[in-house]
Amino acid sequence: MAKDINVAIVGTKFMGRAHSNAYVDVSHFFDLPLHPVMRAACGRDAAGLQSFAARFGWQSTETSWEKLVTRDDIQLVDICTPNQTHMPIAVAAARAGKHVMCEKPMARNADEARRMLDAAQEAGVRHMVAFNYRRVPAILLAHELIDQGKLGDIMHFNAVYYQDWLVDPSAGATWRMDAQEAGSGAHGDLNAHVVDLARFLAGEVAAVSGMQDTFVKERPRGDGKGMVPVTVDDATSFLARFQNGASGYFFSSRMCTGRKNYLRLEVFGTKGSVAFNLERMNELEFYSREDLDAEQGFRNILVTNASQPFISAWWPPGHIIGWEHTFIHEVRDFLTAIAAHEPVHADFYDGLRCQQVLDAAVTSASTGRWVDIPLT
Ligand SMILES: NC(=O)c1ccc[n+]([C@@H]2O[C@H](COP(=O)([O-])OP(=O)(O)OC[C@H]3O[C@@H](n4cnc5c(N)ncnc54)[C@H](O)[C@@H]3O)[C@@H](O)[C@H]2O)c1
């Protein structure tokens, strides 16, 4: 019989909905030691908050996260708010003894991420950064193949993350285009995911050389009254050297006309290769030099077999899963780790390391030099 754990969420929009759906569904599909009770939802807009809470089944509401994180009836705080709020909410929640799930990027910079890691470690709570692409079954299969040595030594990790929702210069300004609120633009939003996947699949990044662009310098205010300057990047790319000697490139942009959520990565090893595209998230391309010469070629694996990661909880082979399932998998693993008193990946250390790589790319872009990223 699963024990209850009382959960609170902060943020009620895009990620608030994705995470809420995960708490609703997770016990329906997975046998877990802990059952999430959706105890409280927090947002700033009281009317929107009520309808959000009613729709997903959150039992109570708060309009102050400061109050929420000190409530005695909460054991886990899930942060789905803009980036500048991550550090203060996570630190306060950890100090109040709550387990913390935090959306990515973990923070606006490595200094903030470090404070979050320190607070969570001092409090002895479980912590996780919501890098949900680690829990795409095809990515986990790629991880298994690499772990089993089927790619040999990794020589390259190359990734692009293309979106196009800011190509239109009349697209309105939001917190995502404000450096004070977001920390960065495409870099923290998209490269954060890719850097995390690079660390997960290919190892630690040792040094980077980057460049950044902002093509649209100002955008209409949300209320239609005038324009506001854009203070973040539209695109950031960088070359990377890995600690294991591999090299690679990263390119993220919100200005790639026609591309919606195109995260394409390729890992090339001495014995084989894998390739993945998030817009075809049930598929993994795999090439093995150990195949018979006459049969060599990329095979396209439909990752929907019961033996493949997470799939046995879902549908029969060929019955594909979707983007929202990655959040359910993440919640499943976080609850399991809390019950077992064990760490979970990606944790706040992973979030900090990711942030250090992102910060180094920004420094490199402004100085025009390679920047080393020592292990700390
Ligand atoms: N894992 C992913 O794939 C993914 C995708 C999108 C966004 N994100 C991340 O999730 C986070 C949230 O992004 P989003 O797209 O959901 O943003 P959003 O703008 O859709 O929603 C933000 C929510 O936070 C609330 N909020 C803002 N400040 C608050 C405060 N002080 N107190 C309480 N509530 C507050 C807003 O009212 C809103 O409900 C960001 O860090 C973002 O980078 C992750």
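To keep things clear, this report deals only with the structure shown in the data block. (Residues numbered from 1 in each chain as written. Predicted model: local features only at pLDDT ≥ 70, side-chain atom pairs only at ≥ 80, totals over all residues. Heavy atoms only, no water.)

1. Side note on the overall build of the protein chain
Assigned secondary structure in the protein chain consists of ten helices and 17 strands. For 376 residues, the compact-globule formula gives about 21 Å, and the C-alpha radius of gyration of the protein chain, at 21 Å, lands near that figure. A principal-axis box enclosing the C-alpha atoms of the protein chain has dimensions of 65 × 55 × 40 Å. A total of 376 residues make up the protein chain; the buried ones form 55% of that total. (Helix = DSSP H or I, 4+ residues; strand = E, 2+ residues; numbered from the N terminus. Rg over C-alpha atoms; globule rule 2.2 N^0.38 Å. Buried < 20%, exposed > 50% of the residue type's maximum accessible area, 1.4 Å probe, protein only.)

2. Quick notes on the nonpolar core
Residues Trp58, Phe157, Leu265 and Phe348 are the most contacted members of the largest nonpolar core, which totals 116 residues. Broken down by element, the residue count for this core peaks at ten residues, all from helix H8 (residues 186-202). Excluding anything up to four places from it in sequence, tryptophan 58 contacts Val7, Ala8, Ile9, Ser20, Tyr23, Met38, Arg39, Ala40, Ala41, Phe52 and Ala53. Among the nonpolar cores identified, the runner-up in size contains seven residues, and Leu166, Val230, Val232 and Met255 belong to it. (Core = buried A, V, L, I, M, F, W, Y, C linked by side-chain atoms within 4.5 Å. Contact = heavy atoms within 4.5 Å.)

3. Quick look at the sheet that holds strand E5 (residues 99-102)
Overall, parallel pairing links the six strands, which are arranged E3-E2-E1-E4-E5-E6 in an open sheet. Edge positions in the open sheet fall to strand E3 (60-62) and strand E6 (127-129), since each of these has one partner strand only. For this sheet, the mean inter-axis angle between neighbouring strands, taken without regard to orientation, is 25 degrees. Summarising the sheet, strand E4 (residues 76-79) and E5 pair through four bridges and their orientation is parallel. Residue pairing in the sheet places isoleucine 79 in a bridge with cysteine 102 of E5. Its contacts with the sheet place helix H1 (residues 14-29) against strand E1 (3-10), strand E2 (34-42), E4 and E5, and it is angled at close to 150 degrees to E2. (Pairing = 2+ DSSP bridges. Axes fitted to C-alpha atoms, helices over the stretch in contact; angles between N-to-C directions.)

4. Observations concerning the side chain of glutamate 62
Examined against the element boundaries, glutamate 62 turns out to sit in strand E3. We classify glutamate 62 as buried; its relative accessible area is 11%. Separated by 2.9 Å, the side chains of glutamate 62 and arginine 71 make a polar contact. Every residue in contact with glutamate 62, bar those within four places of it in the chain, is listed here: Ala41, Cys42, Gly43, Leu49, Lys67, Leu68 and Arg71. (Polar contact = N/O pair within 3.5 Å; in protein donor to acceptor, adjacent residues only side chain to side chain.)

5. Things to note about the sheet that holds strand E17 (residues 371-372)
One open sheet holds the nine strands; their spatial order is E16-E15-E14-E13-E7-E12-E11-E8-E17, and the pairing between them is mixed. Looking at which strands have only one partner, the edges of the open sheet turn out to be strand E16 (299-302) and E17. Bridge count for strand E8 (residues 205-213) against E17 is two bridges, and the pairing is antiparallel. Looking at E17, one finds that valine 208 is bridged to valine 371. Of the strands in this sheet, E8, strand E11 (235-242) and E17 touch helix H10 (residues 348-367), which is tilted by about 50 degrees from E8.

6. Focus: the site of the ligand
Around the ligand, the surrounding shell holds 24 residues, and the nearest of these are Thr12, Met15, Asn83, Lys104 and Arg176. Contact between the ligand and lysine 13: an oxygen atom at 3.5 Å from a main-chain N or O atom of the residue. Contact with the protein chains hides 89% of the accessible area of the ligand, taken as 840 Å² for the molecule alone. (Near = heavy atom within 4 Å. Areas by Shrake-Rupley, 256 points an atom, 1.4 Å probe, with all protein chains shown as cover.)

7. Digging into the pairing of E11
Taken across its eight residues, E11 has six buried, putting it largely inside the fold. Sheet topology places E8 next to E11; eight bridges connect them, and they run antiparallel. The residue bridging serine 209 from the neighbouring strand is leucine 239, located in E11. Taken together, E11 and the strand that follows it, strand E12 (residues 247-253), pair antiparallel across an intervening segment of four residues, in which glycine 245 is found at a positive phi of about 95 degrees.

8. Concerning helix H6 (residues 137-147)
The element H6 is extensively covered by neighbouring structure, given that eight of its eleven residues are classed as buried. Where H6 terminates, the next one or two residues include glycine 149, which has phi positive at roughly 85 degrees.

9. Considerations on the pattern of salt bridges
Within the structure shown, the criterion is met by 21 salt bridges. Close ionic contact of lysine 67 with glutamate 62 constitutes a salt bridge, the shortest N to O distance being 3.5 Å. A salt bridge links aspartate 333 to arginine 332; its shortest N-O distance comes to 2.5 Å. Judged by relative accessible area, which is 26%, arginine 332 ranks as partly exposed. (Salt bridge = Lys/Arg side-chain N within 4 Å of Asp/Glu carboxyl O.)

10. Things to note about H8
At alanine 192, H8 is deflected by roughly 35 degrees, the largest bend along its length. Counting buried positions along H8 gives 17 out of 17 residues, so the element sits mostly inside the fold. (Bend = angle between axes of the 7 residues up to and from the residue.)

11. Considering the environment of asparagine 277
Turning to its location among the elements, asparagine 277 is positioned in strand E14 (residues 272-277). Of the residues examined, asparagine 277 reaches a relative accessible area of 13% and is grouped as buried. Distance from asparagine 277 to arginine 264, taken between C-alpha atoms, is 4.3 Å for residues 13 residues apart in sequence. Those residues in contact with asparagine 277, other than ones at most four positions away along the chain, are Tyr262, Leu263 and Arg264. At 3.0 Å, the side chain of asparagine 277 and the backbone nitrogen of glutamate 279 are in polar contact.

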